[in-house]
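Spelled out from the first residue to the last, the chains are:
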Amino acid sequence: METVSGTISVTSAKTYVDHGDCTLIAESYMDTVSAIRGNLGKGPMKPADRFVFLNKTVNLSKGGKTIAHEPIKFSFTLDDAKAPLIDAYVGVEFSIVYKVTVRITILGK
């Protein structure tokens, strides 16, 4: 079982900033090559039409304080993949997208 880990920094924070929920969304799906090459060829697929390998949400924090030089650490396993994750893929029409998005609610703004 593979683990993905890293850190999240709020780079605009000059002083300590209160934050609410911090949620990480990890996704892997098949899309057209436009997802990585821009507006070349076919447009991106509709989310409902994509073949999804992984869609995982991890709640990293219910709240706290952060500053730019004190990153929030994260780690999650790839155990709930719906299909085996592909290490490499070479194609003309489609691409495999691996994406990690973080949503953090900054309080007091």
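Structure's up top.
Summary of the structure given here. Just so we're clear, the structure is a prediction, and the values are computed from it rather than from any experiment.

Concerning the nonpolar core
Alright, step 1. Among the nonpolar cores identified, the biggest contains nine residues, and these are Ile8, Cys22, Leu24, Ala26, Leu54, Val58, Ile72, Phe74 and Phe76.
Alright, step 2. Ile8 has contacts with Cys22, Leu60, Pro71, Ile72, Phe74 and Val102, leaving out every residue within four places of it along the chain.

Some words on the environment of Asp79
Alright, step 1. In this structure, Asp79 sits in the loop between strand E5 (72–77) and strand E6 (94–106).
Alright, step 2. Accessibility expressed as a relative area gives 46% for Asp79, which makes it partly exposed.
Alright, step 3. It is 8.7 Å that separates the C-alpha atoms of Asp79 and Thr3, two residues lying 76 residues apart in sequence.
Alright, step 4. In contact with Asp79, other than residues within four places in its own chain, are Met1 and Lys56.

Some words on a nonpolar patch on the surface
Alright, step 1. Taken together, the side chains of Ile86, Tyr89 and Tyr98 make up a nonpolar region of the molecular surface, amounting to roughly 290 Å² of accessible area.
Alright, step 2. Turning to its location among the elements, Tyr98 is positioned in strand E6.

As for the pattern of salt bridges
Alright, step 1. By the definition in use, this model includes two salt bridges.
Alright, step 2. Put simply, Lys99 and Glu27 hold a salt bridge, and the shortest N to O gap is 3.7 Å. Of this pair, Lys99 sits in strand E6 while Glu27 sits in strand E2 (residues 17–32), placing them 72 residues apart in sequence.
Alright, step 3. Using a relative accessible area of 35% as the deciding quantity, one classes Lys99 as partly exposed.
Alright, step 4. Notably, a salt bridge pairs Asp31 with Arg50, separated by 3.4 Å at the nearest N-O pair. Here Asp31, found in strand E2, pairs with Arg50, found in the loop between helix H1 (34–37) and strand E3 (51–61); they are 19 residues apart in sequence, far enough to count as distant.

About the cut-offs
- Residues numbered from 1 in each chain as written.
- Predicted model: local features only at pLDDT ≥ 70, side-chain atom pairs only at ≥ 80, totals over all residues.
- Heavy atoms only, no water.
- Core = buried A, V, L, I, M, F, W, Y, C linked by side-chain atoms within 4.5 Å.
- Buried < 20%, exposed > 50% of the residue type's maximum accessible area, 1.4 Å probe, protein only.
- Contact = heavy atoms within 4.5 Å.
- Helix = DSSP H or I, 4+ residues; strand = E, 2+ residues; numbered from the N terminus.
- Patch = residues over 30% accessible without salt bridge, like charges linked within 9 Å, V, L, I, M, F, W, Y side chains within 5 Å.
- Areas by Shrake-Rupley, 256 points an atom, 1.4 Å probe, with all protein chains shown as cover.
- Salt bridge = Lys/Arg side-chain N within 4 Å of Asp/Glu carboxyl O.

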